[in-house]
Amino acid sequence: MSQKQMKEAFVSNLNGTTVLEITQGLCFPAFCILCRGFLIIFSQYLCSFSHTWKTRFFIDFVVLIVPMVATLTIWASFILLELLAVIIFGAGLFYQIYRRRTCYARLPFQKILEKFLNISLESEYIPAISCFRVITSAFTAIAILAVDFPFFPRRFAKTELYGTGAMDFGVGGFVFGTAMVCLEVRRRKCMEGSKLHYFINSLYSVWPLVFLGIGRLAIIKSIGYQEHLTEYGVHWNFFFTIIVVKLITPLLLIIFPLNKSWIIALSVTVLYQLALDFTSLKGLILYGTDGSGTRVGLLNANREGIISTLGYVAIHMAGVQTGLYVHKNRSHIKDLIKVACFLLLAAISLFISLYVVQVNVEAVSRRMANLAFCIWIVASSLILLSSLLLGDIILSFAKFLIKGALVPCSWKLIQSPVTNKKHSEYLIPEAERMEPRLCLITALNRKQLIFFLLSNITTGLINLMVDTLHSSTLWALFVVNLYMFSNCLIVYVLYLQDKTIQTIQFW
């Protein structure tokens, strides 16, 4: 076989891993982010921690990105030990912070907790959603390069027909995370007034993706780059899927109320599954119009990408509903705890539903984006989001114990409710509130599309220059970490210099 055929075979015909292993892997970065916050607070207390951008970048990269690379590659078989290690490390840091608390030093723990529960929170955005988007972006960026090296476990790669691979979550989680901060969620007034004007704005917002999708297609075909044909088809790619999702969802939201997005999500995915089961649609996806797997004609050539878009529409609508729920005005810490617990219960309920659907209907299929796939993506997304929200609460408690503690991309603590901000007493100094957010998490969140494009470009360049199939583990680990370091640094510097590239509002 040629080098291209060998690389394509290397990532084909795989069956994935268990839902439990992927869920454990998703929770690991949430604990890393919590430990990052504890580490920053503890460092500030001990040695007047310097808030330079270099120091912030180094801590964020080492504490968040490097462990994710290791978890997806060389430490993939030890996820439980990794979770236990990071929990013990975090608990140790929290204990040291509690011992050295500068607020309510003489009060018992119960009294301190009572005072904390009466604290209000303020932020321009929801830190947990920002972290969710960064985790899915970083996870995807690591996987799309690491999968071409032998040290990446084959069970984590995208599945061929049925199964749950870690990379299968990447595309679905990306759609879900983007939906939580879409224009309809952030600016609900955009849907008021003329429906035609709203739809025209939605059409206008996708034109950059059209160029990106066509550009990627032209480059891939011109250089003969390896492709996984059954992922999207001959010409289709993820950009085209996002374009279709962005065109269909405004039409649905014109017809149905925004706060009923969950009904749209459920209806679309159930009707789609019924079509798969009781019509010839499944046969069309798997074998083409003539039943022989032909790729002749536009539909046959791209049948997986075109038809599976319905599943991603459902995932997007579920993300919209989640974003609306989480973004509701809840300034009190008790309300945030209720939100986290509700999302956790919803995730558990969906995992139970997933088991029932897989046993009685059909197993998870990324290729078809069927009912089980949509349930799995939403359940996994909710478990990650609830973990991040609970981590935010614990981190806020640690900040509450140390006067003036500063952790970028976290809630600001205020003494009284924010009904009148002029009379609200901030628990942090004015200088901290005005300080620029020198934070890799915020940079990757704000520049998500740029990071995604940069990762795809550098992945292609590395594959053209490096013989990934015959690379040693040490060399592969070095290449992947250097790749992530370079991409993160470029995006971070762009963010600091405010070199904002105006992209579509969808992102």
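- Labelled according to an unreviewed UniProt entry, the protein chain appears under the name Phosphatidylinositol-glycan biosynthesis class W protein, originating from Rhinopithecus roxellana.
- In its Sequence similarities (unreviewed entry) section, the UniProt entry covering the protein chain states "Belongs to the PIGW family."
- The UniProt entry for the protein chain carries the following comment under Function (unreviewed entry): "A acetyltransferase, which acetylates the inositol ring of phosphatidylinositol during biosynthesis of GPI-anchor."

**A look at the overall build of the protein chain**
Working step 1: When helices and strands are tallied, the protein chain shows 22 helices and two strands.
Working step 2: Against the compact-globule benchmark of 23 Å for 507 residues, the protein chain has a radius of gyration of 23 Å, which places it among compact chains.
Working step 3: When each of the 507 residues of the protein chain is scored for burial, the buried share is 56%.
Working step 4: Counting contacts in the protein chain only where the partners sit at least 6 residues apart, residues at least 24 apart contribute 81% of the total.
Working step 5: When the accessible surface of the protein chain is split by element, carbon and sulfur atoms take 67% of a total near 22000 Å².
Working step 6: For the protein chain, the distance from the average position of its 43 positive side-chain charges to the average position of its 26 negative side-chain charges is 7 Å.

**Some points on the packing of helix H6 (residues 127–146) against helix H21 (residues 448–465)**
Working step 1: Interaxial distance between H6 and H21 falls to 9 Å at its minimum, and their mutual angle equals 10°. As far as their axial angle goes, H21 and H6 are roughly parallel. In this structure, H6 uses Arg-133, Thr-136, Ser-137, Ala-138, Thr-140, Ala-141, Ile-144 and Leu-145 to contact H21, whose residues at the interface are Gln-448, Phe-451, Phe-452, Ser-455, Asn-456, Thr-459, Ile-462 and Asn-463.
Working step 2: Classifying every residue of the contact of H6 with H21 by side-chain character gives seven nonpolar, eight polar and one charged.

**Side note on the packing of helix H3 (residues 53–72) against H6**
Working step 1: Contact pair H3 / H6: the axes reach a minimum separation of 10 Å and the direction vectors enclose 50°. One finds that H3 runs oblique with respect to H6. The handedness of the crossing between H3 and H6 comes out as right-handed. Contacts between H3 and H6 involve Leu-64, Ile-65, Met-68, Val-69 and Leu-72 from the first element and Val-134, Ile-135, Ala-138, Phe-139 and Ile-142 from the second.

**Here we look at a nonpolar patch on the surface**
Working step 1: A cluster of nonpolar residues, Trp-262, Ile-263, Leu-266, Val-270, Leu-271, Leu-274 and Phe-278, forms a patch on the protein surface that exposes about 720 Å² of accessible area.
Working step 2: Topologically, Leu-266 is positioned in helix H13 (residues 261–278).
Working step 3: With a relative accessible area of 47%, Leu-266 lands in the partly exposed category.

**What to know about the pattern of salt bridges**
Working step 1: Tallied over the full model, the rule gives eight salt bridges.
Working step 2: Note that Arg-36 and Asp-60 form a salt bridge whose closest N and O atoms lie 2.6 Å from each other. Pair noted here: Arg-36 is in helix H2 (residues 19–47) and Asp-60 is in helix H3, with a separation of 24 residues, a long-range link. One exposure class covers both Arg-36 and Asp-60, and it is buried.
Working step 3: A single salt-bridge network, built from bridges that share partners, covers Asp-277, Lys-282 and Glu-362.

**A few points about helix H22 (residues 473–496)**
Working step 1: Here H22 is 24 residues long and its end C-alpha atoms lie 34 Å apart, about the 34 Å a rise of 1.5 Å per residue gives.
Working step 2: Those residues of H22 that sit buried are Ala-476, Leu-477, Val-479, Val-480, Asn-481, Tyr-483, Met-484, Asn-487, Cys-488, Val-491, Tyr-492 and Tyr-495.
Working step 3: Against the buried residues of H22 lie H3, H6, helix H20 (440–446) and H21.
Working step 4: After H22 finishes, the residue Asp-498 shows a positive phi value of roughly 60°.

**Re the side chain of Asn-237**
Working step 1: Mapping Asn-237 onto the fold places it in the loop between helix H11 (229–232) and helix H12 (238–255).
Working step 2: A polar contact of 3.0 Å, which involves the side chain of Asn-237, links it to the backbone nitrogen of Phe-239.
Working step 3: Setting aside residues up to four positions removed in sequence, Asn-237 forms contacts with Gly-213, Arg-216, Leu-217 and Tyr-232.

**A word on helix H17 (residues 333–360)**
Working step 1: Compared with the 40 Å implied by 1.5 Å per residue over 28 residues, the 41 Å span of H17 between its first and last C-alpha is a close match.
Working step 2: Taken as a whole, H17 has its buried residues at Ile-333, Leu-336, Val-339, Ala-340, Leu-343, Ala-347, Phe-351, Leu-354 and Val-357.
Working step 3: If you follow the buried residues of H17, they end up packed against H2, helix H5 (109–117), strand S1 (120–122), helix H16 (303–326) and helix H18 (371–401).

**Regarding the environment of Leu-113**
Working step 1: Looking at the secondary structure, you find Leu-113 in helix H5.
Working step 2: The sequence separation of Leu-113 and Phe-400 amounts to 287 residues, and the corresponding C-alpha distance is 9.9 Å.

**Considerations on the packing of aromatic side chains**
Working step 1: According to the stated counting rule, one finds 26 aromatic pairs in the structure shown.
Working step 2: With a centroid separation of 5.6 Å and 45° between ring planes, the pair formed by Phe-38 and Phe-94 is classed as tilted. Of this pair, Phe-38 sits in helix H2 while Phe-94 sits in helix H4 (residues 79–99), and the two are 56 residues apart along the sequence.
Working step 3: According to the relative accessible area criterion, Phe-38 is buried, its value standing at 2%.
Working step 4: Taken together through their ring pairs, the aromatic side chains of Phe-38, Phe-94, Tyr-98, Tyr-104, Phe-109, Phe-116, Phe-397 and Phe-400 make up a single cluster.
Working step 5: Positioned above the aromatic ring of Phe-10, the side-chain terminus of Arg-154 is 3.9 Å from the ring centre.

**Overview of the environment of Glu-184**
Working step 1: By secondary structure assignment, the location of Glu-184 is in helix H8 (residues 183–186).
Working step 2: The class for Glu-184 is buried, based on a relative accessible area of 2%.
Working step 3: As for Glu-184 and Thr-458, which are separated by 274 residues in sequence, their C-alpha atoms are 32 Å apart.

**Considering the environment of Ile-79**
Working step 1: Considering the arrangement of structural elements, one finds Ile-79 in helix H4.
Working step 2: Judged by relative accessible area, Ile-79 falls into the buried class, the value being 7%.
Working step 3: In the structure, Ile-79 is positioned 299 residues away from Val-378 in sequence and 22 Å away in space, judged by C-alpha atoms.
Working step 4: Those residues within four positions of Ile-79 in sequence are excluded, and the remaining contacts are Gln-24, Gly-25, Phe-28 and Thr-71.

Conventions and cut-offs
Residues numbered from 1 in each chain as written. Predicted model: local features only at pLDDT ≥ 70, side-chain atom pairs only at ≥ 80, totals over all residues. Heavy atoms only, no water. UniProt positions renumbered as here; feature names shortened; annotations may be inferred. Helix = DSSP H or I, 4+ residues; strand = E, 2+ residues; numbered from the N terminus. Rg over C-alpha atoms; globule rule 2.2 N^0.38 Å. Buried < 20%, exposed > 50% of the residue type's maximum accessible area, 1.4 Å probe, protein only. Contact = heavy atoms within 4.5 Å. Areas by Shrake-Rupley, 256 points an atom, 1.4 Å probe, with all protein chains shown as cover. Lys, Arg positive; Asp, Glu negative; His and termini not counted. Charge placed at Lys NZ, Arg CZ, Asp CG, Glu CD. Axes fitted to C-alpha atoms, helices over the stretch in contact; angles between N-to-C directions. Parallel < 35°, antiparallel > 145°, perpendicular 65-115°, else oblique. Nonpolar A, V, L, I, M, F, W, Y, C, P; charged D, E, K, R; others polar. Left-handed = near helix turned anticlockwise from the far one by under 90°. Patch = residues over 30% accessible without salt bridge, like charges linked within 9 Å, V, L, I, M, F, W, Y side chains within 5 Å. Salt bridge = Lys/Arg side-chain N within 4 Å of Asp/Glu carboxyl O. Expected span 1.5 Å × (residues − 1). Polar contact = N/O pair within 3.5 Å; in protein donor to acceptor, adjacent residues only side chain to side chain. Phe/Tyr/Trp six-rings, centres within 6.5 Å; stacked < 30°, edge-to-face > 60°. Lys NZ or Arg CZ within 6 Å of the ring centre and 35° of its normal.

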